[in-house]
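A closer look at the structure
Okay, here's what each chain looks like letter by letter:
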Amino acid sequence: MDILFIFLIGSIFGSFFGLIVDRIPLRKSIIFGRSHCDSCQQLLAYRDLIPIFSQISSGSHCRYCKSKIPYLYVFLEFSSALIFVLAWVNYLKPSQFLLIILSLILSAFDYRQHSFPFVIWFIFALSFILIFPLSPLFYFWLILAVLAEKFNLRVGSGDFLWFFTASFSLTFLNEMLLLQIACSLGIIYYLITKKRVEIAFIPFLTIAYLMLLFGHQILSP
Ligand SMILES: [Zn+2]
């Protein structure tokens, strides 16, 4: 019963993450304003707002205008629910839980908007700094992020900022291994899709992190 309740709470958070991804780039309030369909602008009823269930039961289409609803929302709701349950049963340490939640939000932004929501990263980074001890490794990633912002390093500063927060639950050796896995995944994706545009890299970093975590290769610093 407890787990079901935590799953529900996690899915509600996931739904909120979807709202953040949609509204922050448009500078809309994330607290005020009822949810509506982006296509027909119809305000959504409560039965349209039940995490996971509403989107699955409607076949991922708006009930009013039948336009397609991106699967990203149900993905965020389900993943978030799962992460909350894994943390509840102590499979995930607090630093791992926070990093995966942050990675989920950043990946959604990177995938959907090709943007890095600095404010959200900053709130999480501040939480990490207040809760967990700092090591010299953090300054290394921070300096790289500043350099990437000032000069064109062909890598976004957001990727280095992600590593900054990842340092709270990874050793440097782990991070180097993670980078190799993420780059390999990125190259495979590039070869398969043949996309000649900049690819969103944070989803690959996140997948690589999860591969290390579930492969029990994480060495805590
Ligand atoms: Zn609609």
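Sequence order as written defines the numbering, with residues in each chain counted from 1. At least 70 in pLDDT is required for a residue's local features to be given in this predicted model, at least 80 for side-chain atom pairs to be given and counted, and no such filter applies to totals for whole chains, interfaces and linings, which use all residues. Side-chain measures were taken over the full set of non-hydrogen atoms in the model, leaving aside hydrogen atoms and water.

**Some details on the coordination of the zinc ion**
Here a donor is an N, O or S atom found within 2.8 Å of the metal, or within 3.2 Å if the metal is Na, K or Ca; sites may look incomplete because water is not among the atoms. The coordination sphere of the zinc ion contains the protein donors Cys37 (SG), Cys40 (SG), Cys62 (SG) and Cys65 (SG), at a distance range of 2.3 Å. Working rule for geometry: tetrahedral if four donors all subtend angles between 85 and 135 degrees; square planar for four, octahedral for six, if opposite donors exceed 155 degrees and the others stay between 65 and 115; irregular in every other situation. For the zinc ion, the four donor atoms are set out with angles of 104 to 118° between them, so the coordination reads as tetrahedral. Between consecutive donor residues of the zinc ion, the sequence gaps follow C-x2-C-x21-C-x2-C. In this pair, Cys40 sits in the loop between α1 (2-23) and α2 (53-57) while Cys62 sits in the loop between α2 and α3 (72-88), placing the two residues 22 residues apart along the sequence. Only protein chains enter the area calculation, which uses a 1.4 Å probe; residues under 20% of their type maximum are buried, those over 50% are exposed, and those in between are partly exposed. Using a relative accessible area of 31% as the deciding quantity, one classes Cys40 as partly exposed. By relative accessible area, which is 5% here, Cys62 ends up buried. The helix count covers DSSP runs of H or I at least four residues long, the strand count covers runs of E at least two residues long, and both are numbered beginning at the N terminus.

**Concerning the packing of helix α7 (residues 157-166) against helix α9 (residues 202-214)**
Structural elements are reduced to axes, namely lines fitted to C-alpha atoms, with helices fitted over the stretch in contact, and the angle between N-to-C directions of any two is expressed from 0 to 180 degrees. With their axes 10 Å apart at the nearest point, α7 and α9 run at an angle of 25° to one another. Compared by their axis directions, α7 and α9 come out roughly parallel. Pair α7 / α9 crosses with right-handed handedness. Across from Gly158, Asp159, Trp162 and Phe163 in α7, the residues of α9 making contact are Ile202, Leu205, Thr206 and Tyr209. When residue character is reported, Ala, Val, Leu, Ile, Met, Phe, Trp, Tyr, Cys and Pro are called nonpolar, Asp, Glu, Lys and Arg charged, and the others, Gly included, polar. Across the contact of α7 with α9, the residue classes tally to five nonpolar, two polar and one charged. In what follows, roughly perpendicular refers to angles from 65 to 115 degrees, roughly parallel to angles under 35, roughly antiparallel to angles over 145, and oblique to any angle outside these ranges. Here a crossing is taken to be left-handed if its near helix is turned anticlockwise relative to the far helix by less than a right angle, and right-handed if that turn runs clockwise. Contacts: residue pairs with any heavy atoms within 4.5 Å of one another.

**Remarks on a nonpolar patch on the surface**
Like-charged residues within 9 Å of one another, or nonpolar side chains (Val, Leu, Ile, Met, Phe, Trp, Tyr) within 5 Å, are grouped into patches, provided each residue has over 30% relative accessible area and no salt bridge. Note on areas: these come from Shrake-Rupley sampling with a 1.4 Å probe, and a residue is covered only by the protein chains present in the view. By salt bridge we mean one thing: a side-chain nitrogen of Lys or Arg within 4 Å of a carboxyl oxygen of Asp or Glu. Residues Ile129, Leu134, Tyr139, Leu142, Ile143, Leu147 and Phe151 make up a contiguous nonpolar surface patch of roughly 640 Å² in combined accessible area. The element contributing the most residues to the nonpolar patch is helix α6 (residues 136-150), with four residues. Secondary-structure assignment places Leu134 in the loop between α5 (118-131) and α6.

**Quick look at unusual backbone geometry**
Non-glycine residue Lys66 carries a positive phi angle of around 70°. What makes Lys66 exposed here is its relative accessible area of 56%. One non-glycine residue with positive phi stands out, namely His114, at about 55°.

**Some remarks on the domain arrangement of the protein chain**
Residue ranges for the domains trace back to a domain assignment, done automatically or taken from a database. Segmentation of the protein chain into domains returns domain 1 (1-91) and domain 2 (117-221). Each of domain 1 and domain 2 has a C-alpha centre, and these two points are 26 Å apart. Listed per partner, the contact involves four residues of domain 1 and four residues of domain 2. Buried area is calculated as the accessible area (1.4 Å probe) missing from two parts once they are joined, with the contributions of both summed. Across the domain 1/domain 2 interface, buried area totals approximately 300 Å², and carbon plus sulfur atoms make up 82% of it. Summed over the shared surface of domain 1 and domain 2, the result is zero salt bridges. Any pair of nitrogen or oxygen atoms within 3.5 Å is treated as a polar contact; in protein, a donor-acceptor pairing is required on top of that, and neighbouring residues in sequence qualify only through side-chain atoms on both sides. Our count for the contact surface shared by domain 1 and domain 2 stands at zero residue pairs in polar contact (both at pLDDT 80 or more). The class makeup of the residues in the side of domain 1 that touches domain 2 is four nonpolar, no polar and no charged.

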